[in-house]
Amino acid sequence: MSETDDRPKLAVRLDNLFKTVRPKGKHWTNAEVAEELKQANPDLRVGGVYLSQLRTGKRSNPSPDLLAALARFFGVSVSYFFDDEVAESVLSQVAAIEALRQAGVRSVAMRAAGMKKENLQAITAIMDQYRQMQGLPPVDDSPEAE
């Protein structure tokens, strides 16, 4: 938790999960996570707005069932939300995974350097198909998107 962040620890830690952990390979919105949690546990009362309030610190007392569901969804121990050592360990592991993920992206870019435009287009089409199969959003690399 940064010294300048005045949100409660729970808010910071939950927000960090949303920003860094990628269940099923994607970033999730508050509403999407709420829907996934309700599908896994139909009795759970949660919505995207409530998750947003937890992440910003406007609300700070989620039920134990909700904390357990969030921990399961993000693949962490419930103690992540309360134990400084566990939280630090989880964030270190996530940082290592992200570094490996980025290394893979750099590796693909290095292999693409110097290739003919038509070859790059073919490779890009294949990568777009794999992104779609993984449920990732399409990449808009048009000049207007930058």
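Just above, that's the structure.
Residues numbered from 1 in each chain as written. Predicted model: local features only at pLDDT ≥ 70, side-chain atom pairs only at ≥ 80, totals over all residues. Heavy atoms only, no water.

All right, on to the overall build of the chain then. Scanning the chain for helices and strands turns up six helices and zero strands. Projected onto its principal axes, the C-alpha coordinates of the chain cover approximately 55 × 35 × 25 Å. Relative to its full complement of 146 residues, the chain shows a buried share of 26%. Counting only contacts in the chain whose residues sit at least 6 apart along the sequence, the fraction spanning at least 24 positions is 49%. (Helix = DSSP H or I, 4+ residues; strand = E, 2+ residues; numbered from the N terminus. Buried < 20%, exposed > 50% of the residue type's maximum accessible area, 1.4 Å probe, protein only. Contact = heavy atoms within 4.5 Å.)

Before going further, it helps to examine the packing of helix α2 (residues 30-40) against helix α3 (residues 48-56). Helix packing for two helices is described by the angle between their axes and how far apart those axes are. Two elements in contact, α2 and α3, have axes whose closest approach is 7 Å; the angle formed by their N-to-C orientations is 115°. Relative to α3, α2 is oriented so that their crossing is right-handed. Between α2 and α3, the residues in contact are Asn-30, Ala-31, Val-33 and Ala-34 and Gly-48, Leu-51, Ser-52 and Arg-55, respectively. Of the residues belonging to the contact of α2 with α3, the class tally is four nonpolar, three polar and one charged. (Axes fitted to C-alpha atoms, helices over the stretch in contact; angles between N-to-C directions. Left-handed = near helix turned anticlockwise from the far one by under 90°. Nonpolar A, V, L, I, M, F, W, Y, C, P; charged D, E, K, R; others polar.)

In the structure shown here, the tally under the stated rule is five salt bridges. Through salt bridges with shared partners, a single ionic network connects Arg-7, Asp-15, Lys-19 and Arg-55. (Salt bridge = Lys/Arg side-chain N within 4 Å of Asp/Glu carboxyl O.)

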